[in-house]
Amino acid sequence: MLVKVEACGVCHSDLHIHEGYFDLGNGRKLELGKLGVKLPHTLGHEIVGEVVAVGPDAKGAKVGDKRLVHPWVGCGTCEFCQRGEELLCHAMKSIGARTDGGYADHVMVPHPRYLIDYTGVPADLACTYTCSGVTAFSALKKLRDLSERDLVVIIGAGGVGLNAVMLAKAVLRCPVVVADTDLKKREAALNAGASAAFDNADPGSIAKLKEMTSSGVGAGGAIDFVGAPATAQFGVDTLRKGGTLVVVGLFGGAASFPLPLVPQRVLTVRGSYVGDLNDITELMALVKSGKVPPIPVKARPLAEINQVLDDLRAGKVLGRVVVKP
């Protein structure tokens, strides 16, 4: 199927793809060329647009459909893909990350199941849910069993972290607090519904945060939307015994935890990568029901994409930017 792009969100992951590697720490790099990405390559994976052509096997899709594009596409043939667990595929063909994406006039979509209805949601906002939104949603779901007496720490209030704050009340039973070194982002998180906001560069912030928790023992969960050594350590340090750190961000580097403390404190450290078709379907139902407040979105012309990426790299973006052909 051929989709005419109406808007495409700009994601922090695009910076890593643009640079050609992920920083694994200690001088090591995961080069995207080794994952099958070849130049020239078109970035952009938060896509919304109109179906303008369909093939003979595109059952259920028709020309004129206005749809989100779910970009997290597996190979389609391995055992994981066959049982609907495409995120576990070892040969991902994700749109914009492994195959050509939405920083363009048109994009190819391999199957109608990746087209998601967004009726009632503004297109510029809707496209952000295919990565920023579903990534935050999937991470929050991993902590949804925490009780109302617990606390979740959201580390990083950029586009994905701010989405998590706005989604938290619809997913979690407990309140969330935010940690970010940027004052404007902390203020945005408070306005979005966070119970408190801390500067994680402040040495006293962990003690202040723990004072908010039951008996002062620490949070039940922390979600690191940055993924740097310092933020991962901050997340571990905020947890109570039995707590869970969910690592989402791809900033890079290597974390170092004292291993005896992991079993002694009964800690869980787990990763969370974007979301699957079930997640995006569930999320869009929540969004269309009006239970999720909208993240701030600013539209800019596609011709400005290089400047947008520079602004994102410099930390100048609050909320989300979408580019439009």
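These numbers were taken from a predicted model, which means no experiment stands behind them. Every chain begins its residue count from 1, and numbering advances along the sequence as written. Only residues with pLDDT of at least 70 get local features here, since the model is predicted, and only at 80 or more are side-chain atom pairs given and counted; chain-wide, interface and lining totals rely on the full set of residues. Water and hydrogen atoms play no part in the side-chain values, which are based on all heavy atoms of the structure.

**Looking at the overall build of the chain**
Where we set the bar: Only runs of H or I of at least four residues qualify as helices and only runs of E of at least two qualify as strands under DSSP, and these elements are numbered from the N terminus. The buried label applies to any residue whose accessible area, calculated with a 1.4 Å probe on protein chains only, is under 20% of its type's maximum; exposed applies above 50%, and partly exposed to all values in between. The contact criterion used is simple: two residues touch if any of their non-hydrogen atoms lie within 4.5 Å. Note on areas: these come from Shrake-Rupley sampling with a 1.4 Å probe, and a residue is covered only by the protein chains present in the view. His residues and chain termini do not enter the charge count, which takes Lys and Arg as positive and Asp and Glu as negative. For charged residues, the charge sits on one atom: NZ in Lys, CZ in Arg, CG in Asp, CD in Glu.
Within the chain, the regular secondary structure consists of eleven helices and 15 strands. Dimensions of the chain along its principal axes, counting C-alpha atoms only, are 60 × 45 × 40 Å. Taking all 325 residues of the chain together, the buried fraction comes to 50%. Of all intrachain contacts in the chain linking residues separated by at least 6 positions in sequence, the fraction that spans at least 24 positions is 70%. Counting every atom, the chain has about 14,800 Å² of accessible surface; 53% of that belongs to carbon and sulfur. When the 36 positive and 33 negative side-chain charges of the chain are each reduced to one mean point, those points stand 3 Å apart.

**Considerations on the packing of helix α4 (residues 132–141) against helix α5 (residues 159–171)**
Test applied: Helix axes use the C-alpha atoms of the stretch in contact, all axes being lines fitted to C-alpha atoms, and the angles between their N-to-C directions lie in the range 0 to 180 degrees. Should an angle lie under 35 degrees it is considered roughly parallel, over 145 roughly antiparallel, and from 65 to 115 roughly perpendicular; all remaining angles are considered oblique. For a crossing to be left-handed, the near helix must be turned anticlockwise from the far one by less than a right angle; the clockwise case is right-handed. Gly falls in the polar group here, along with every residue not listed as nonpolar (Ala, Val, Leu, Ile, Met, Phe, Trp, Tyr, Cys, Pro) or charged (Asp, Glu, Lys, Arg).
Close contact between α4 and α5 brings their axes to 8 Å; oriented N to C, the two are set at 50 degrees. When the axis of α4 is compared with that of α5, the two are oblique. Considering only the axes of α4 and α5, their crossing is right-handed. Where α4 abuts α5, its residues S132, G133, T135, A136, F137, L140 and K141 lie against G159, V160, N163, A164, L167, A168 and V171. Residues belonging to the contact of α4 with α5 are distributed by class as follows: eight nonpolar, five polar and one charged.

**Focus on a nonpolar patch on the surface**
Operational definition: Two joining distances apply to patches: 9 Å for like charges and 5 Å for nonpolar side chains (Val, Leu, Ile, Met, Phe, Trp, Tyr), and every residue must have over 30% relative accessible area and no salt bridge. When a carboxyl oxygen of Asp or Glu lies within 4 Å of a side-chain nitrogen of Lys or Arg, that pair is called a salt bridge.
A grouping of L24, L30 and L35 is seen on the molecular surface, where their side chains present a nonpolar patch of about 210 Å² in accessible area. Structurally, L24 is set in strand β2 (residues 21–25).

**Structural notes on the pairing of strand β11 (residues 219–224)**
The test is simple: We call two strands paired when DSSP finds no fewer than two bridges between them. Orienting the strands away from the viewer, one traces the path from the first strand over the helix to the second; a clockwise path indicates a right-handed crossover.
Of all six residues in β11, six are buried; the element is thus mostly enclosed. Summarising the sheet, strand β8 (residues 152–155) and β11 pair through four bridges and their orientation is parallel. By the bridge assignment for β11, I155 is matched with D224. The sheet contact formed by β11 and strand β12 (residues 239–247) spans five bridges and is parallel. Looking at β12, one finds that I223 is bridged to V246. In the classification by handedness, the crossover that spans β11, the intervening helix α8 (residues 229–238) and the parallel β12 is right-handed.

**A closer look at the packing of aromatic side chains**
Applicable threshold: Any two of the Phe, Tyr and Trp rings considered here, Trp counted by its six-membered ring, make a pair once their centres fall within 6.5 Å; the pair's planes then place it as stacked at under 30 degrees, edge-to-face at over 60, or tilted in between. Put simply, a charge is over a ring when the Lys NZ or the Arg CZ is close to the ring centre, within 6 Å, and near the line of the ring normal, within 35 degrees.
Following the criterion strictly, the structure yields one aromatic pair and no others. On the numbers, 5.9 Å between centres and 65 degrees between planes, the contact of W72 with Y273 is edge-to-face. One end of the pair, W72, is in the loop between β5 (66–69) and α2 (79–82); the other, Y273, is in the loop between β13 (268–271) and α10 (277–288), with 201 residues separating them in the sequence. Under the relative-accessibility criterion, W72 is labelled buried at 4%. By relative accessible area, which is 42% here, Y273 ends up partly exposed. For the cation-ring pair, K29 lies above Y21, with the distance from its terminal atom to the ring centre recorded as 4.3 Å.

**So, the sheet that holds β13**
Note on sheets: strands pair through backbone hydrogen bonds, and any given pair is parallel or antiparallel. Reading across from one edge, β10-β9-β8-β11-β12-β13 is the order of the six strands in this open sheet, with parallel pairing throughout. For this open sheet the edge positions go to β10 (197–198) and β13, each flanked by a neighbour on one side alone. Of the pairings in the sheet, the one linking β12 to β13 comprises four bridges and is parallel in character. In the sheet register, V246 faces β13, and the bridge partner there is R270. Sheet strands touched by α8: β8, β9 (176–179), β11 and β12. Its angle to β12, the strand with the most contacts, is close to 150 degrees.

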